[in-house]
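As a plain string of letters, each chain reads:
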Amino acid sequence: MFRDFNHKLIIRIIGALLLFESFFMLTSVIVALIYKETVISSFLMSSGITFLFGVFFIFIGRNASPNIGKREGSLIVTSTWLFFTIFGLLPFVFSGCIPSVTDAFFETMSGFTTTGASIINDIESLPKSILYWRSLTHWIGGLGIIVISIALLPVFGFSSVQLFSAEATGPTKGKIHPRMSETAKRLLLIYVVLTFLEMFLLVIAGMGWFDAINHSFSTIATGGFSTKQISVGYWDSPAIQYIIIFFMFFSGINFTLFYFLIKSKFYKVFMNEELRFFSFMVLIFTGLILFSVINFSHSYTFVELEQIFRQSLFTVVSTITTTGFVVVDYTSLNHVVWIIVLILMLMGASAGSTSGGMKQIRVLLAFKYAYYEFKRLIHPNAIFPVKFNNAIVRVDVITRILSFILLYVLIIIFGAIILAFSGMGFVESLSGMISCISNVGLALGSIGPASNFSSIPEFSKWFLSFIMLVGRLEIFTVLVIFTPIFWKR
């Protein structure tokens, strides 16, 4: 027997969110007016169509019951990302900047999922309003469309816990306020403050206002879209690169820790195991890349050593936070760096951040569990509970984490096989899957930092777009919809 879903409420919420998207599109009109561009009509048409559909959906969903469960939450979150992508691609298509619907869908999904994989070969030739909208999709998707909606749309009148749980990243959902809407508002405020702070610092460091706005959107969302074809490497400025490194790192930290920092609860920040593990991983892998690229028979100047260190640190932070900015083509370095990059892509940064990947907390707890298994082999009658932040982690949580990691790896393997059948090479198939499911945007081979995803087969673009969504919503939220039990009572 099939389960009855609260269809009206689902449609009504999606309609309300589409109104937000139409408003964000209108901000691109302001950019087009400032730079006197001819694509104003494209944004007005796109915003108008999105607005009308939003109103229509709200009308259909009128008098909906406010009751919402986990299944409705999964449907709402997954559908929202799909609808935002479908309507978000309209400016690209209407303006003629990306005439192919396939390419436009890929670029837009890459934007909203903060993946940063692109099919555009001449970024600088695009109108600035299009580049702004492209970066804005990152910013909207970064903290999560649903989290933003919970903060700004309390008029929904339903429990927001199911939506937040479906969208929030990581196995733990710590609250900073008893009411979920208040938690979302505080996270949104932190998100906005970090964005503006980076923006002003980049301008002070010498970056133009337009580029600073776009790169702030991409950095805080850990997205990776740049206004330049060669990404951040366009600016040979240590100050600019260090500022971006700083904000990429902080965007990879659980956002609730910023709130505790503001409230002077320093012990909750500095004693957080995930933050310490994340920081340790950044230092270790930066050292490994540094060690692998330095020629010890060569005599370096201080300036040269600083540049190598900065490029190594930038590559590690950009990859582990799944931002995807580049300052150096790492594929031109030795193959040790390639392996490190793939490992960092898989790991990701902290749960509760805007980054993708498995998340540091899952990796840390999996390591702890494996270590305690060795101890149990020696002391079979002893009890070794896995702890995180001095609290015992329940067995069912460990089971979900191990299941998630196993499923993550299996999807990468089978996805790479599918991509290989579609005509992509081995290196491109494997790195492309890891890149898209971890929402990184970086890859190897012909889709590496010196190129992009424009030349891959059309089927692969649709398939990887789906993988981006699966990765952004932490696998289970999307894939559970395809299970028979989801639709049964």
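### Points about the overall build of the chain
Scanning the chain for helices and strands turns up 22 helices and two strands. Relative to its length of 489 residues, the chain is compact, with a C-alpha radius of gyration of 22 Å against a globular reference of 23 Å. Contacts in the chain between residues at least 24 apart in sequence constitute 73% of all its contacts with a sequence separation of at least 6. Of the accessible surface of the chain, which amounts to about 20,600 Å², a share of 70% is contributed by carbon and sulfur atoms. Here the chain holds 32 positive side-chain charges and 23 negative ones, and the gap between their average locations is 15 Å.

### Some details on the nonpolar core
Among the nonpolar cores identified, the biggest contains 145 residues, and Trp133, Met433 and Phe453 are the most heavily contacted of them. Ranked by the residues each element gives to this core, the list is headed by helix 1 (residues 7–34), at 11 residues. Ignoring sequence-local partners within four residues, the contact set of Trp133 consists of Glu21, Phe24, Met25, Ser28, Phe43, Gly88, Pro91, Phe92, Phe112 and Ile140.

### Some thoughts on the pattern of salt bridges
Taken as a whole and judged by the stated rule, the model has nine salt bridges. Here Lys359 and Glu474 are joined by a salt bridge, their closest N and O atoms 3.1 Å apart. Of this pair, Lys359 sits in the loop between helix 16 (335–347) and helix 17 (360–378) while Glu474 sits in the loop between helix 20 (458–472) and helix 21 (476–479), and the two are 115 residues apart along the sequence. Judged by its relative accessible area of 1%, Lys359 is buried. Asp396 is paired through a salt bridge with Arg394; the nearest N and O atoms lie 2.9 Å apart. Taking relative accessible area as the criterion, Asp396 reaches 33% and is therefore assigned partly exposed. Several salt bridges share partner residues, and in doing so they unite Lys359, Arg362 and Glu474 into one network.

### Describing the confidence of the model for the chain
In the predicted model, the chain carries a mean pLDDT of 89, and 91% of its residues have values of at least 70. Across residues 155–159, where pLDDT falls below 50, the model places 12 contacts with residues more than four positions away in sequence or in other chains.

### Structural notes on the packing of helix 14 (residues 273–293) against helix 17
Closest axis-to-axis distance for the helix 14/helix 17 pair is 9 Å, and the angle between their directions is 95°. Here helix 14 lies roughly perpendicular to helix 17, going by the angle between them. Contacts between helix 14 and helix 17 involve Glu273, Glu274, Phe277, Phe278 and Met281 from the former and Gln360, Ile361, Val363, Leu364, Phe367 and Lys368 from the latter. Of the residues assigned to the contact of helix 14 with helix 17, the class counts are seven nonpolar, one polar and three charged.

### A word on the packing of aromatic side chains
In total, this model carries 34 aromatic pairs according to the counting rule given. Both rings, one in Phe404 and one in Tyr408, keep their centres 5.5 Å apart while their planes meet at 35°; by these two values the pair is tilted. With Phe404 and Tyr408 both in helix 18 (residues 395–422) and four residues apart, the pair spans about one turn of that helix. Overall, the relative accessible area of 1% leaves Tyr408 in the buried class. Among the aromatic side chains, those forming a connected cluster through ring pairs are Tyr132, Trp139, Tyr191, Phe217, Phe246, Phe247, Phe249, Phe250, Phe255, Phe258 and Phe278. Its guanidinium or amino end placed over the ring of Phe59, Arg62 lies 4.0 Å from that ring's centre, counting from NZ or CZ. Lys228 extends its terminal NZ or CZ atom over the ring of Tyr234, reaching a point 4.6 Å from the ring centre.

### Some thoughts on the side chain of Asn439
The residue Asn439 is located in the loop between helix 19 (426–437) and helix 20 in this model. By relative accessible area, Asn439 is classed as buried at 2%. From its side chain, Asn439 meets the backbone nitrogen of Arg472 in a polar contact 3.2 Å long. Once you skip the residues sitting within four places of it in the chain, Asn439 turns out to touch Thr113, Thr114, Thr115, Thr222, Thr322, Gly356, Met468, Gly471 and Arg472.

Basis of the calculations
- Residues numbered from 1 in each chain as written.
- Predicted model: local features only at pLDDT ≥ 70, side-chain atom pairs only at ≥ 80, totals over all residues.
- Heavy atoms only, no water.
- Helix = DSSP H or I, 4+ residues; strand = E, 2+ residues; numbered from the N terminus.
- Rg over C-alpha atoms; globule rule 2.2 N^0.38 Å.
- Contact = heavy atoms within 4.5 Å.
- Areas by Shrake-Rupley, 256 points an atom, 1.4 Å probe, with all protein chains shown as cover.
- Lys, Arg positive; Asp, Glu negative; His and termini not counted.
- Charge placed at Lys NZ, Arg CZ, Asp CG, Glu CD.
- Core = buried A, V, L, I, M, F, W, Y, C linked by side-chain atoms within 4.5 Å.
- Buried < 20%, exposed > 50% of the residue type's maximum accessible area, 1.4 Å probe, protein only.
- Salt bridge = Lys/Arg side-chain N within 4 Å of Asp/Glu carboxyl O.
- pLDDT = per-residue confidence, 0-100.
- Axes fitted to C-alpha atoms, helices over the stretch in contact; angles between N-to-C directions.
- Parallel < 35°, antiparallel > 145°, perpendicular 65-115°, else oblique.
- Nonpolar A, V, L, I, M, F, W, Y, C, P; charged D, E, K, R; others polar.
- Phe/Tyr/Trp six-rings, centres within 6.5 Å; stacked < 30°, edge-to-face > 60°.
- Lys NZ or Arg CZ within 6 Å of the ring centre and 35° of its normal.
- Polar contact = N/O pair within 3.5 Å; in protein donor to acceptor, adjacent residues only side chain to side chain.

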